[in-house]
Amino acid sequence: MILWVLASCGDSGGAEGSGSESGTTDTSTGTGTTADVPTTTEPTTGDPCPMLPETVDTDMDFGPGCVRMYRTNIVDGATLTLVAGTTVHVDAGGFLHAGPANDNSALVIEGTEAEPVQFRSAAEAPQAGDWQCVRIGNGSSASRIVHARFEHGGQACDAIGSRPETTLDIHAPAEAFSYNEVRASASHGVILGDNALIRGFEANTFADNARASLRVAPAALLRVPGGQVFVDADDVVEVEGTFDAIEEPGTWSAQTVPYRLLGYVQVNSDGDVTVEAGTVVQLDGSSLEVFAGKLRVAGTEAAPVLFTSAQDGPQAGDWGCVVYTSVGAPPQIEHAIFEYAGNGQGCTGAEHTAALAGPATMELTGVTFRELAAAAIHSNDACNPAWCDNTFEGVDPLFDCLDPPMCP
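Quick caveat: nothing in here was measured; it's all calculated off a predicted structure.

Things to note about the sheet that holds strand β41 (residues 399-402)
Here comes step 1: The parallel open sheet is built from seven strands, whose spatial order is β24-β27-β30-β33-β36-β39-β41. Each edge of the open sheet is held by one strand with a lone partner, namely β24 (245-246) and β41.
Here comes step 2: Looking at chain direction, strand β33 (residues 322-325) and strand β36 (residues 354-357) are connected through two bridges and run parallel. Directly across from V323, in β36, lies its bridge partner A357.

Right, dumping it as structure tokens:
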């Protein structure tokens, strides 16, 4: 392991001391050695900050203090550790990439509440998009980011050919991403890819990001518990559908902002999902399908689950339906609201024009259907007369099924 002792630097970018000594310690031999460490000038104080290497191929620890970075790749199974109290000044267009070849290299950030690790623009007048991203590649499952602050990233990131537009791009089942702040991104704050089954995603804060602060692949959706902090009232959590599915048991947790489904989203046969009371799900035109899996909608009278339009000026027919196909157990939907649905898009290959589609065994309690472009419920079977006990506001017809009941 190589240990870099950095020049100190305060929370606002200023130094708390003027020491400029840098060195290395070879822990394999216990012998300390002095090295010529590239330095640059800390923008506000003139204190020297060592430059993070372009390639980290052996375990290295940095901090506390300040360090400068342009483009750094962590490779060959190495671990780069940034300790509490470290400030990383990122040069214009810079990025940090753990595992560019999908190996098991790792980034470990161990800040504390009192002394977070900070990533900030090296510019004298920082702006959103001054630098690119921190990317955690598919193989970097030992990565861990705790008590860190990321500001002014989000420029299209050259760390990977797809050039994601986000401050953090995570594609590994990392150990943790918790108690972090992601602010002032020129695009998204965090993207979680389909392999980002993070083992601890707790109490993160998002603010002032130009696009949805959190963009999540369906496979990673259940790894985002409640308790995330969204400072901006118009923020959303985007769920990127079409090519992925929810494939595990767990809770779809309520947040203080809505989830926005982009395209068709599916719960497949390995999915056993409970949608938490108070969850708001916006759909941008297509449907949510439960295919041979389970989706229990567990709203309450005080906090129903809302399925609604993603449009700013919502209208009937803005999205398709919630549809259950090839399911074994009776679907359970408790205290939910379906509104602005019924365009048929993605509502099975037959494109049924209804807000909810499924078998006659569906158990509906305290459900409200309103502002629909078509029927409230479609079934290939005979409709269940018990469905009449729910609320229908201006819906005609109520049912699209064999022998529809006449509700009182």
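After presenting the structure, the write-up continues.
Things to note about the state of the cysteines
Covalently bonding the sulfur atom of one cysteine to the sulfur atom of another cysteine gives a disulfide.
Here comes step 1: A complete count under the given rule lists five disulfides for this structure.
Here comes step 2: C321 shares a disulfide with C347; S-S distance 2.1 Å. Because the sign of the S-S torsion sets the handedness, a value of about 100 degrees for the bond joining C321 and C347 places this disulfide among the right-handed ones. Separated by 26 residues along the polypeptide, C321 in the loop between β32 (305-309) and β33 and C347 in the loop between β35 (336-339) and β36 bring together distant segments of the chain.
Here comes step 3: Judged by relative accessible area, C347 falls into the buried class, the value being 0%.
Here comes step 4: Paired through a disulfide, C388 and C407 show a sulfur-sulfur distance of 1.9 Å. Residues C388 and C407 are joined through a disulfide that is left-handed, its torsion about the S-S bond being -70 degrees. With C388 in the loop between β39 (375-382) and β40 (391-393) and C407 in the segment after β41, this residue pair connects regions lying 19 residues apart in the sequence.
Here comes step 5: When its relative accessible area of 15% is taken as the criterion, C388 is described as buried.
Here comes step 6: Counting only the cysteines that take part in disulfides, in the order they occur along the chain, gives the pairing 1-2, 3-4, 5-6, 7-9, 8-10.

Here we look at the pattern of salt bridges
Here comes step 1: Taken as a whole and assessed by the stated rule, the structure comprises 13 salt bridges.
Here comes step 2: Of the charged contacts in the structure, one is a salt bridge between R149 and E181, with a shortest N-O distance of 3.6 Å. Of this pair, R149 sits in strand β15 (residues 148-151) while E181 sits in strand β18 (residues 181-183); the two residues are 32 residues apart in sequence, bridging distant segments of the chain.
Here comes step 3: Taking relative accessible area as the criterion, E181 reaches 23% and is therefore assigned partly exposed.
Here comes step 4: Here R223 makes a salt bridge to E248, at a shortest N to O gap of 3.0 Å. Of the two residues, R223 is situated in the loop between β21 (214-216) and β22 (229-230) and E248 in the loop between β24 and β25 (249-252); the sequence distance between them amounts to 25 residues.
Here comes step 5: On the basis of relative accessibility, which here comes to 26%, the residue R223 falls in the partly exposed class.

Notes on the nonpolar core
Here comes step 1: Counting residues in each nonpolar core, the largest one holds 86 residues, and the members touching the most others are F119, L192, W252, F338 and F369.
Here comes step 2: Looking at which element gives the most residues to this core, the answer is strand β10 (residues 86-98), with four residues.
Here comes step 3: When neighbours within four sequence positions are excluded, F338 is seen to be in contact with F307, W319, V322, I333, A355, L356, V367, T368, F369, R370 and L372.

Thoughts on the packing of aromatic side chains
Here comes step 1: If you walk through the whole model with that rule in mind, you get 10 aromatic pairs.
Here comes step 2: Their ring planes at 20 degrees and their centres at 5.6 Å tell us that F177 and F201 sit as a pair that is stacked. Placement of the pair is F177 in strand β17 (residues 176-178) and F201 in the loop between β19 (188-192) and β20 (205-207), with a sequence separation of 24 residues. The residues F177 and F201 share a single accessibility class, namely buried.
Here comes step 3: Pairing F392 with F399 gives two aromatic rings, centres 5.8 Å apart and planes at 85 degrees, and the pair type is edge-to-face.

Points about the sheet that holds β25
Here comes step 1: Taken in spatial order, the five strands make up an open sheet running β25-β28-β31-β34-β37, and their pairing is parallel. Looking at which strands have only one partner, the edges of the open sheet turn out to be β25 and β37 (363-365). Neighbour-to-neighbour, the strand axes of the sheet open up by a mean angle of 15 degrees, direction not taken into account.
Here comes step 2: One ladder, built from three bridges, connects strand β34 (residues 332-334) with β37; its direction is parallel. Looking at the pairing, I333 lines up with L364 of β37.

Regarding the side chain of Q266
Here comes step 1: Of note, Q266 is situated in strand β27 (residues 265-267).
Here comes step 2: Within the local environment of Q266, its side chain forms a polar contact with the side chain of Y264, the two groups lying 2.8 Å apart.
Here comes step 3: Apart from residues lying up to four places away in sequence, Q266 is in contact with D244, A245, I246, E289 and F291.

Here we look at unusual backbone geometry
Here comes step 1: Residue P64 is reached from G63 by a cis peptide bond, and omega for that bond is -5 degrees.
Here comes step 2: Summarising the element assignment, P64 is placed in the loop between β7 (60-62) and β8 (65-74).
Here comes step 3: In the segment running from D396 into P397, the intervening peptide bond is cis, with an omega of 0 degrees.
Here comes step 4: Checked against the element boundaries, P397 lands in the loop between β40 and β41.
Here comes step 5: One non-glycine residue, H152, adopts positive backbone phi at about 70 degrees.
Here comes step 6: Mapped onto the secondary structure, H152 falls in the loop between β15 and β16 (166-170).
Here comes step 7: A positive phi angle, near 50 degrees, is found at A203, a position not held by glycine.
Here comes step 8: Along the chain, A203 turns up in the loop between β19 and β20.

Definitions and limits used
Residues numbered from 1 in each chain as written. Predicted model: local features only at pLDDT ≥ 70, side-chain atom pairs only at ≥ 80, totals over all residues. Heavy atoms only, no water. Pairing = 2+ DSSP bridges. Helix = DSSP H or I, 4+ residues; strand = E, 2+ residues; numbered from the N terminus. Disulfide = S-S within 2.5 Å. Buried < 20%, exposed > 50% of the residue type's maximum accessible area, 1.4 Å probe, protein only. Salt bridge = Lys/Arg side-chain N within 4 Å of Asp/Glu carboxyl O. Core = buried A, V, L, I, M, F, W, Y, C linked by side-chain atoms within 4.5 Å. Contact = heavy atoms within 4.5 Å. Phe/Tyr/Trp six-rings, centres within 6.5 Å; stacked < 30°, edge-to-face > 60°. Axes fitted to C-alpha atoms, helices over the stretch in contact; angles between N-to-C directions. Polar contact = N/O pair within 3.5 Å; in protein donor to acceptor, adjacent residues only side chain to side chain.

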